[in-house]
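One-letter residues, chain by chain:
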Amino acid sequence: MESNKIELLLKKYFEGESSIAEEKELRKYFASAGVARHLEKYKSMFGYFAYAVAQDSKQETKVPQLSLNKKRNRVWLSIAASIVVLLGAGTYVYFDKQVSNQDLGTYDSPEAALKETQKALAMLSKNVNVGIESVIALEEYEDSKNLIFKE
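### Describing the overall build of the chain
So, point 1. When helices and strands are counted, the chain shows five helices and zero strands.
So, point 2. Listing every helix and strand of the chain by position from the N terminus yields α-α-α-α-α.
So, point 3. Going through the 151 residues of the chain one by one, you find that 8% of them count as buried.
So, point 4. For the chain, the proportion of contacts with a sequence separation of at least 24, taken over those separated by at least 6, is 36%.
So, point 5. As displayed, the chain offers around 13,500 Å² of accessible surface, 60% of which is attributable to carbon and sulfur atoms.

### A look at the environment of Gly 47
So, point 1. Mapped onto the secondary structure, Gly 47 falls in helix α3 (residues 43–58).
So, point 2. Given a relative accessible area of 37%, Gly 47 falls into the partly exposed group.

### Things to note about the side chain of Ser 18
So, point 1. Along the chain, the position of Ser 18 falls in the loop between α1 (2–14) and α2 (20–31).
So, point 2. One polar contact links Ser 18 to Glu 23, side chain to side chain, over a distance of 3.1 Å.

### Observations regarding the nonpolar core
Within soluble globular proteins, side chains that are nonpolar tend to cluster in buried spots.
So, point 1. Membership of the largest hydrophobic core is limited to 10 residues, which are Ile 6, Leu 9, Leu 10, Leu 26, Tyr 29, Phe 30, Val 35, Ala 36, Leu 39 and Phe 46.
So, point 2. Taken together, the elements giving at least two residues each to this core come down to α1 and α2.
So, point 3. The residues contacting Ile 6, other than those within four sequence positions of it, are Leu 26, Tyr 29, Phe 30 and Leu 39.

### Details of the packing of α1 against α2
The description of two packed helices rests on the angle between their axes and on the distance between the axes.
So, point 1. The geometry of α1 relative to α2 is characterised by a closest axis approach of 10 Å and an angle of 125° between their N-to-C directions. In terms of orientation, α1 lies oblique with respect to α2. Relative to α2, the crossing made by α1 is left-handed. Residues Glu 2, Lys 5, Ile 6, Leu 9, Leu 10, Lys 12 and Tyr 13 of α1 touch α2, and the partners they reach there are Glu 22, Glu 23, Glu 25, Leu 26, Tyr 29 and Phe 30.
So, point 2. Here the residues of the contact of α1 with α2 sort into seven nonpolar, no polar and six charged.

### Some points on a nonpolar patch on the surface
So, point 1. Judged by side-chain polarity, Val 75, Trp 76, Ile 79, Ile 83 and Leu 87 come together as a nonpolar surface patch covering roughly 530 Å² of accessible area.
So, point 2. Positionally, Leu 87 belongs in helix α4 (residues 68–100).
So, point 3. Judged by relative accessible area, Leu 87 falls into the exposed class, the value being 56%.

### Section: the pattern of salt bridges
So, point 1. Considering all chains together, one arrives at four salt bridges under this definition.
So, point 2. Put simply, Glu 25 and Lys 5 hold a salt bridge, and the shortest N to O gap is 3.0 Å. Taken together, the positions of Glu 25 in helix α2 and Lys 5 in helix α1 put the pair 20 residues apart, joining distant regions of the chain.
So, point 3. Judged by relative accessible area, Glu 25 falls into the partly exposed class, the value being 28%.
So, point 4. Relative accessible area serves as the criterion here: at 40%, Lys 5 is assigned to the partly exposed category.
So, point 5. Note that Lys 145 and Glu 142 form a salt bridge whose closest N and O atoms lie 3.4 Å from each other. With Lys 145 and Glu 142 both in helix α5 (residues 110–148) and three residues apart, this pair spans about one turn of that helix.

### A short note on the packing of aromatic side chains
So, point 1. This structure, assessed with the given rule, holds three aromatic pairs.
So, point 2. Taking 5.2 Å as the distance between ring centres and 75° as the angle between the ring planes, the aromatic pair formed by Tyr 29 and Phe 30 counts as edge-to-face. Phe 30 shares its class with Tyr 29; the two are buried.
So, point 3. Relative to Phe 95, the ring of Tyr 94 has its centre 5.2 Å away and its plane inclined at 75°; by these criteria the two rings are edge-to-face.

Rules used throughout
- Residues numbered from 1 in each chain as written.
- Predicted model: local features only at pLDDT ≥ 70, side-chain atom pairs only at ≥ 80, totals over all residues.
- Heavy atoms only, no water.
- Helix = DSSP H or I, 4+ residues; strand = E, 2+ residues; numbered from the N terminus.
- Buried < 20%, exposed > 50% of the residue type's maximum accessible area, 1.4 Å probe, protein only.
- Contact = heavy atoms within 4.5 Å.
- Areas by Shrake-Rupley, 256 points an atom, 1.4 Å probe, with all protein chains shown as cover.
- Polar contact = N/O pair within 3.5 Å; in protein donor to acceptor, adjacent residues only side chain to side chain.
- Core = buried A, V, L, I, M, F, W, Y, C linked by side-chain atoms within 4.5 Å.
- Axes fitted to C-alpha atoms, helices over the stretch in contact; angles between N-to-C directions.
- Parallel < 35°, antiparallel > 145°, perpendicular 65-115°, else oblique.
- Left-handed = near helix turned anticlockwise from the far one by under 90°.
- Nonpolar A, V, L, I, M, F, W, Y, C, P; charged D, E, K, R; others polar.
- Patch = residues over 30% accessible without salt bridge, like charges linked within 9 Å, V, L, I, M, F, W, Y side chains within 5 Å.
- Salt bridge = Lys/Arg side-chain N within 4 Å of Asp/Glu carboxyl O.
- Phe/Tyr/Trp six-rings, centres within 6.5 Å; stacked < 30°, edge-to-face > 60°.

No statement about biological role is implied by the geometric values presented.
In structure tokens:
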């Protein structure tokens, strides 16, 4: 009966469904001398876990304490970071106001506005025509490809 219970606990353990109490029971079983012959392959694994837990409890963890100089350095570092953030925000606001005050291309005379609009539309038309020529070249390539490789 003991062997069947341990096998069920092992199955739960390897599926990740065992509780801490069940894991302690497994460690206790594998630490004893009465381990079933077909379960001895797990003895070294649970033996290592017990050894690792013992080693962890022996080690003392030392928490580093900040000296007074390190605390002062932190204070000065936070002050410097605050100054950098404020300078960045001030620079953004200053240059944002300069950009918003610029002349964005408004014209007083309708003739000058018409001339500039025609110039902009001609440049746009030229670029659109280049794009259309590229599409036509691609269509010709597609037609010749379809002639060669009949799908």
